[in-house]
Amino acid sequence: MFPVDVGPQYEGESVRKHDFYVEFGGPRCEYKGELVTLRSVNEVEHERVEVIGPDIKDMAEGTTSPLFIGVEVAGEQLEVDMEPVFERRIHQYCNYIEGFWHMAQRDHIWLRLHKESHKKGLRSLQEVGQIIIMLFTNELPIIEKMQVTFITDPEKVKEHVLKARPVYDARDERLKGMTEEGVEEFYGCVLCQSFAPTHVCIITPERMSLCGAISWLDGRASSKIDPEGAIFAVPKGELLDPEKHIYSGVNEIVTQRSLGRIAVCCLHSALENPHTACGCFQSICFYIPEVDGFGIVHRDFVGETVIGSPFSTLAAEVSGGQQREGYVGMAISYLKSPKFLITDGGLRRVVWMPSAIKEWVKEAIPADLFDKIASEKEVKNVDELVEFLQEAEHPVMSG
Ligand code: SF4
Ligand code: ZN
């Protein structure tokens, strides 16, 4: 029925630079995004797929286009809290399509179509839409109606992304004030085990999933929709180490779900038993031994970080589901959490980050610290960094 095969067996495959016919979003595109919106039953035309702007068949081989994916769902039992949960499934189901690859989430998405799948006849986003509607409604019968709009017209993509951003922010806002101490359970996610078989995401009110797509509230909504699914409750158990934020319940789940490979997880440390990473982290925190501090880099940062490696090199280092001391994959919004790497000293230990992130999380950085954190604008390498930090009297220099 479809020109290419569909199934979970394709989920772990990526489409490399030289193999794609066309790509959408990613670092070469300023605007891209996806959003699931809950509508009332009569507002959704079931199975409608619309493409606004050029479709795959109108695109030249090797090109990159902006893309916004708008998914509208309706169903008696749906709740607004479930929107982000469904949004994460876009990632999962796109990756079920043979030779179609989806990465990241929200306004960071990146998709590629493999030359082979194009050759086999996948030439329209219409078909991609039909496939994902089929998967959504088969696997999540709670969705009664669903329509999908793919927008590739650059102006319209920009317009939709700018409208989606406040929605993403409002979702994050709802968690403000909630603490790990104040809840009984955390949530775990193993959706990415197809890429990283020992990786388990632990999601707390103060630690968003590293892909930036699933908050504690989303975890709760998801475990309600599908208790046996990839997102599940993690009873906290006993707080074994209040400094290192080690919980017996977290260790148990991590041990069980990593098939014994990982035994201890410190929720807020990059230096000791850090949280594992699959490959979808929005950003990476990396230890810089010369200054005993941390650098942060996000996926869209083009060029080399202060230690000379670009995002992609560091990503290869940290991904795959292992515990790598000195590295942690994380959501950008984790920088705003009061528990951000608190075991290691928190924001006061951060010495370098791209100016874009600095601007993004500005209100979370203490005013006396803001100018002491270097960015690509001030320093280009570790020597310059040391000089900058000394001059600025950054807290890492006083230890
Ligand atoms: Fe789930 Fe974590 Fe993968 Fe996000 S990165 S989909 S939370 S396993
Ligand atoms: Zn992942």
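Residues numbered from 1 in each chain as written. Chains lettered and ligands numbered in written order. Predicted model: local features only at pLDDT ≥ 70, side-chain atom pairs only at ≥ 80, totals over all residues. Heavy atoms only, no water.

### Structural notes on the packing of aromatic side chains
- Counted under the stated rule, the structure contains ten aromatic pairs.
- Each ring, one from Tyr 334 and one from Phe 340, has its centre 5.3 Å from the other, and the planes form 65 degrees; the classification is edge-to-face.
- Connected via pairs of aromatic rings, a cluster forms that spans Tyr 93, Tyr 96 and Phe 136.
- Just above the ring of Tyr 334 sits the side chain of Arg 207; from NZ or CZ to the centre is 5.2 Å.
- One cation-aromatic arrangement involves Lys 358 over Phe 370; the distance from NZ or CZ to the ring centre is 4.7 Å. (Phe/Tyr/Trp six-rings, centres within 6.5 Å; stacked < 30°, edge-to-face > 60°. Lys NZ or Arg CZ within 6 Å of the ring centre and 35° of its normal.)

### With respect to the packing of helix α1 (residues 83-94) against helix α3 (residues 125-139)
- Packing of α1 against α3 leaves a shortest axis separation of 10 Å and a crossing angle of 120 degrees. With respect to their mutual orientation, α1 and α3 come out oblique. Like other packed secondary-structure pairs, α1 and α3 cross with a definite hand, here right-handed. Across from Phe 86, Arg 89, Ile 90, Tyr 93 and Cys 94 in α1, the residues of α3 making contact are Ile 132, Leu 135, Phe 136 and Glu 139.
- Each residue belonging to the contact of α1 with α3 can be placed in one class, and the counts come to seven nonpolar, no polar and two charged. (Axes fitted to C-alpha atoms, helices over the stretch in contact; angles between N-to-C directions. Helix = DSSP H or I, 4+ residues; strand = E, 2+ residues; numbered from the N terminus. Parallel < 35°, antiparallel > 145°, perpendicular 65-115°, else oblique. Left-handed = near helix turned anticlockwise from the far one by under 90°. Contact = heavy atoms within 4.5 Å. Nonpolar A, V, L, I, M, F, W, Y, C, P; charged D, E, K, R; others polar.)

### Focus on the domain arrangement of the protein
- Each domain of the protein was delimited in the assignment, giving domain 1 (8-173) and domain 2 (185-398).
- Computed over C-alpha atoms, the centres of domain 1 and domain 2 are 27 Å apart.
- Between domain 1 and domain 2, the contact holds 23 residues from the first and 20 residues from the second.
- Both faces considered, domain 1 and domain 2 share a buried interface measuring about 2100 Å² in area, 60% of it formed by carbon and sulfur atoms.
- Of all residues in domain 1, Val 85, Arg 88 and His 108 give up the largest surface area on contact with domain 2, accounting jointly for 25% of the area buried on that side.
- One can count three salt bridges joining domain 1 with domain 2.
- As a salt-bridge pair, Lys 224 and Glu 79 come within 3.4 Å of each other at their nearest N and O atoms. (Domains from an automatic or database assignment. Buried area = accessible area lost by both parts, 1.4 Å probe. Salt bridge = Lys/Arg side-chain N within 4 Å of Asp/Glu carboxyl O.)

### A short note on the site of ligand 1
- Around ligand 1, the surrounding shell consists of Arg 88, Cys 189, Leu 191, Cys 192, His 199, Cys 201, Ser 209, Leu 210, Cys 211, Ile 214 and Cys 278.
- Here the shell around ligand 1 is built from residues that sort into eight nonpolar, two polar and one charged. (Near = heavy atom within 4 Å.)

### Here we look at the side chain of Asn 251
- Relative to the helices and strands, Asn 251 is located in helix α6 (residues 248-257).
- Overall, the relative accessible area of 11% leaves Asn 251 in the buried class.
- At a separation of 3.0 Å, a polar atom in the side chain of Asn 251 contacts the main-chain amide nitrogen of Cys 265.
- Beyond its immediate chain neighbours, meaning those up to four positions away, Asn 251 contacts Leu 240, Ile 246, Ala 263, Val 264 and Cys 265. (Buried < 20%, exposed > 50% of the residue type's maximum accessible area, 1.4 Å probe, protein only. Polar contact = N/O pair within 3.5 Å; in protein donor to acceptor, adjacent residues only side chain to side chain.)

### Some details on the sheet that holds strand β10 (residues 201-203)
- Read from one edge of the open sheet, three strands run β10-β9-β11, paired in antiparallel fashion. Every interior strand has two partners, whereas the edge strands, β10 and β11 (231-235), have only one. Each neighbouring strand pair of the sheet contributes to a mean axis angle of 35 degrees, computed without reference to strand direction.
- Summarising the sheet, strand β9 (residues 185-189) and β11 pair through five bridges and their orientation is antiparallel. By the bridge assignment for β11, Phe 186 is matched with Val 234.
- Most of the contacts of helix α5 (residues 216-225) go to β9, to which it runs at about 75 degrees, and overall it touches β9, β10 and β11.
- Here α6 sits on the sheet and contacts β9, β10 and β11; the angle it forms with β11, its principal contact strand, is near 140 degrees. (Pairing = 2+ DSSP bridges.)

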